[in-house]
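# Examination of the molecular architecture
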Amino acid sequence: MPISYFLVLSALLFSIGVYGVLARQNAVLVLLSIELMLNSVNINLVAFAAQFGENGVGGQIFALFIIAVAAAEVGVGLAIVILIFRNRQSVDIDEMSLMKW
Amino acid sequence: MAEWWQEGAFWLFALIMVFSALRVVTTGNVIHAALYLVGTLLGAAAMFVLLFAEFLAWAQVLVYVGAIVVLMLFGLMLTRAPIGKGKFDNDQRWLAALCAAALFGVTSYILVDAFDGEEISFTRTVGITAEDVGDVIFSVYVLPFEVVSVLLLAALVGAVVIARRDR
Amino acid sequence: MWLVPLLPILSFFAILFFGKRLRNRGHMFGIAAIGIGFVLSLIAFIELATGRAAVEKAWTWFEFAHGESLHLEFGMHYDFLTGVMFLVVTTISLLVHIYSTGYMLDDDRYTIFFAFLSLFTGSMLLMVIANNLLMLFVGWELVGICSYFLIGHWWEEKENSSAAIKAVITNRVGDVGMLFGIFALFVATGTFNIEAINNLAHEGELGGTILTAGGLLLFAGVVSKSAQFPLYVWLPDAMAGPTPVSALIHAATMVVAGIYLVARMFLVFEAAPVVLDVVAIIASITMLLAAGLALVQDDIKRVLAYSTVSQLAYMTAALGVGAYTAGVFHLFTHAFFKALLFLGAGSVIHAAHSNNMSDMGGLKEHMPHTFRTFIIGSLGLAGIFPLAGFFSKDEIIGGALRSASELGRASSWVVLIAATVTAFLTALYMTRAVIKTFWGTYRGQGHPHESPGSMVTPLWVLAFGTITVGFLGFPVIGPFKSWINVPGEAHHDFEALYNLILPIGATVVAVLAIWIGIQFFYRERWRLDILGGPFGWIYRFVANKYYLDDFYLKGIVRPIQYPVARATYWTNQKVLDGAVNGVAIATVALSKPTYDVLDQQVIDFAVNGAAGLTGYSGGLLRYMQSGNVQRYAAVLFAAVAVFVALFALT
């Protein structure tokens, strides 16, 4: 099976994730989209590992670490979102524009 | 003989994944979005199995689906996510779509251009089991492993600190 | 050698800047500078006398067209003439400096006085050492300006400043002539270099007319600077300055600048005999006139001033008849005894607090040193053997005789007669002065006393000089003749003593005059009733300085002063101020529309437009800073896409 299938799939998922990050209004949904992107990267890595690695585990290890980091990031990110919600009673990103002119 | 199997499985799960992903970013119901994500993640796990990464597939299911999505759901609940449909896309949808499309076009083009013709052989016999993975983790990649542990610890503590109610 | 003029000039600046703060109020610089200069001059002169050749050095100052059309130098030329002048200037200047420390002790502007003394000495030396006419002229003018400052030192009195102005303006008249003379010579020869011009003149290369013209014009400068007829009128008035100034400038140095010029350019003068005749005639007129004036003055300094004029005429006449050595020698000796007389007069004035001889008298008991030195000086001036004046005067008279008899020049006869008569008169007026000042009873106020050592010492030094210097010119034996490099073939070294009649005759004349003087003034015999009677008008004529001054004042100065000045003022007010005001009004009128149109509309439009544009674009750009994180992220991803594309394509 040509590897490019996996790669294109990964790219597609990544782009969809990008769309989600940019277009969604709810902060939690943005986090969800980020997870999507990370996943696509995982697929990419594992595909390459299967293709090129002699015993094929380097990429998998990497992907494993990515999962771990993703978990950490989600934890912290959600903590922040909850804090923001507590202060502003809303998780609408469009309203969180204090850093403007 | 097994190839059409695998290719067929690939197409199936790919389809599921893409569809779910699309629904994640377009649905009006946040809870549904989270659930669609589950679908995507399970599809990813299937992919992993297809790519000789069994341990990773289980880890994906356990951690991602089991923990992260649940965490998301908790987050949604705690932030009073609206039940039912709502408007969740902001004004720069079209720009975002454009951006995503561009990104997709560019990356896929590059990837295909670089790796066209390469084939994955499905006759691998090593590096598949959890044992193999564990072997490598605790010998070659032990340092990153430890670092990631510390990272998780830091994230844990940080999250608790951040989200603590001030008394 | 260039140190000698340089040091005093440096001293001038030093005194100017530092003098007031020094304890001795600055005179040390001057004395040191000139002292060193004196020593150097002496050394150089001795070197020159013992056979070393004349020194010439030149530095190019300015060159137009690489010396083809104009070549201005800054150079020095040192020969015997220069050496003699150096000695004279430095000696007298040094002595005057020392004298002044006593004389000017109470003066408020002590320091600036010394500064100008230094500057003056420096400029005089500069002039003497110059090797080209322009540099000489620079020194000439500088000397004139210093004369102005020094004469007008006590400018609080109006008459002092008037005297200074008179000196400058009279000098100016002559200087204009001199400048044109320099130009004429330049046109004729193409160079300013003195040696070159002299050589060209000597070889007969220059056309007669332009040479005569140049010579006459140069002589015009001499007439003014060395106080010959008719431009001598400034010198008596210049006595308003302090006595040391008179001693330095008007006895020994500045006034001899003219003589120096003639001596320096002698070959030019020689090549145009007409000029020499003119020189001789004018000198003769001057010497007689001045001697007459000296006879009727009450102010002791004026007596000496007119005496100077007369003696200068002697020197000029000597050069006019071709007795080069005699003239220069007389310059040399005259410096000594005239300076002596002036300083002595200063001493007397200091004691009697008055310039006028009618306030003096009987001072020989009170001021023995001054008295004795003054006598020595007077005898020297009168030409009594063996003092200095005897030798130099005789040489001149002898030279005139020879030139007249052997060379057959008519003008020289005039000189001969005039010189003899003047010798008589000289002795006469000096006797009068001496008697009036030192004999009889004291007619003035206060109690006269001898002057301090700082003033008396120079007197004795000069007296010593007067006595000894004469022997340098002793005929046949005296070395002066061999030193003086008489230019060209002008070996008119008149051995005055092969004709023994002459010196004896001159001495007889002088002694006769002295005897007459004693009779007339002291014993008051033969007092003709000259104030009335047929000789009255002679007396009045002479006493009023031949009405020459009045002629100048009413005939020349007043007409210029009033009508011309008024016309000039009117022109200034109406024409010049009108033009200036008109320009101002036009400017104002022009500026209003400029403001309205140009400034308000055009420029402001541009400026406001720029501001508006900036605001507008800022308004557009501020949307970049929306604060919306997703917006930022969008931009980020777009950029990533672009970069990746670029990366891929190249």
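Analysis parameters
Residues numbered from 1 in each chain as written. Chains lettered and ligands numbered in written order. Predicted model: local features only at pLDDT ≥ 70, side-chain atom pairs only at ≥ 80, totals over all residues. Helix = DSSP H or I, 4+ residues; strand = E, 2+ residues; numbered from the N terminus. Buried ≥ 20, exposed ≤ 12 C-beta atoms within 10 Å, placed from the backbone. Contact = placed C-beta atoms within 7 Å. Expected span 1.5 Å × (residues − 1). Core = buried A, V, L, I, M, F, W, Y, C linked by C-beta atoms within 7 Å. pLDDT = per-residue confidence, 0-100. Axes fitted to C-alpha atoms, helices over the stretch in contact; angles between N-to-C directions. Left-handed = near helix turned anticlockwise from the far one by under 90°. Nonpolar A, V, L, I, M, F, W, Y, C, P; charged D, E, K, R; others polar. Parallel < 35°, antiparallel > 145°, perpendicular 65-115°, else oblique.

This brings us to the overall build of chain A. Tallying secondary structure elements over chain A gives three helices and zero strands in all. Taken from the N to the C terminus, the helices and strands of chain A come in the order α-α-α. Across the 101 residues of chain A, 60% fall into the buried class. Once local pairs closer than 6 in sequence are excluded, the contacts in chain A between residues at least 24 apart make up 46%.

For chain C, the count of helices and strands is 25 helices and two strands. Put simply, chain C has 650 residues, and 51% of those count as buried.

Okay, helix α14 (residues 300-320) of chain C next. All names here are of chain C. Between its first and last C-alpha atoms α14 spans 30 Å; for 21 residues at 1.5 Å apiece the expected length is 30 Å, and the two agree. With 21 of 21 residues buried, α14 lies mostly within the body of the structure. Positioned one or two residues after α14, G322 has a phi angle of 95°, which is positive.

Our next topic: the nonpolar core. Counting residues in each nonpolar core, the largest one holds 179 residues, and the members touching the most others are A290, A317, A339, V415 and A419 of chain C. Element by element, the count of residues in this core is highest for helix α15 (residues 324-352) of chain C, at 19 residues. Discounting chain neighbours no more than four positions away, the residues touching A290 of chain C are Y232, Y306, V309, S310 and A313 of chain C. A23 and I67 of chain A together with L50 and F55 of chain B belong to the second-largest nonpolar core, a separate cluster that totals 84 residues.

Let us look at the confidence of the model for chain C. Residues and elements named next belong to chain C. Per-residue confidence for chain C gives a mean pLDDT of 72; residues scoring 70 or more make up 68%. Below a pLDDT of 50 lies the segment residues 59-68, which in the model reaches 13 contacts outside its immediate sequence neighbourhood of four places, other chains included. For the stretch residues 487-498, pLDDT sits under 50, and the model shows 33 contacts to residues farther than four places along the chain or on other chains. Reported confidences for the modelled complex are a pTM of 0.56 and an ipTM of 0.87.

Helix packing geometry: the angle between the two helix axes and the distance between the axes. All names here are of chain C. Following both chains from N to C, one finds α15 and helix α17 (residues 368-382) inclined at 145°, their axes separated by 9 Å at the closest point. When the axes of α15 and α17 are compared, the crossing they make is left-handed. The residues of α17 that touch α15, namely those facing F337, L340, L341, G344, S347 and V348, are T370, T373, F374, G377, S378, G380 and L381. Of the residues that constitute the contact of α15 with α17, the class distribution is six nonpolar, seven polar and no charged.

Note: α-helices contain 3.6 residues per turn, so residues at a spacing of three or four share the same orientation. Where burial is concerned, most of helix α11 (residues 256-264) of chain C is hidden: nine out of the nine residues are buried. Along α11 of chain C, the positions that sit buried rather than exposed are V256, A257, G258, I259, Y260, L261, V262, A263 and R264 of chain C.

As a further point, take the interface of chain A and chain B. Contact residues are listed per partner, giving 63 residues for chain A and 77 residues for chain B. Contributing elements (two or more residues each) for the side of chain A that touches chain B: α1 (3-23), α2 (27-52) and α3 (58-88) of chain A. It is α3 of chain A that provides the largest number of residues to the side of chain A that touches chain B, a total of 21 residues. Looking at the side of chain A that touches chain B residue by residue, the classes come out as 46 nonpolar, 14 polar and three charged.

Residue and element names in this part refer to chain C. With their axes 10 Å apart at the nearest point, α11 and α14 run at an angle of 5° to one another. Taken as axis vectors, α11 and α14 run roughly parallel relative to one another. For the pair formed by α11 and α14, the contact residues are I259, V262 and A263 on the first element and L312, M315, T316 and L319 on the second. Class assignment for the residues of the contact of α11 with α14 results in six nonpolar, one polar and no charged.

All names here are of chain C. Turning to its location among the elements, A506 is positioned in helix α22 (residues 501-522). Along the backbone, A506 and K393 are 113 residues apart, and their C-alpha atoms lie at a distance of 8.7 Å. Once residues within four sequence positions are removed from consideration, A506 is found in contact with G383, K393, D394, I397 and A423.

Moving on to the environment of I3 of chain A. Mapped onto the elements, I3 of chain A comes out in helix α1. Spatially, the C-alpha atom of I3 of chain A lies 9.5 Å from that of N44 of chain A, the residues being 41 residues apart in sequence.

Attention now goes to unusual backbone geometry. Peptide bonds are, in most cases, trans, and in most cases residues other than glycine have a negative phi. Even without being a glycine, F52 of chain B presents a positive backbone phi close to 60°. For F52 of chain B, the position within the fold is in the loop between α2 (30-50) and α3 (54-78).

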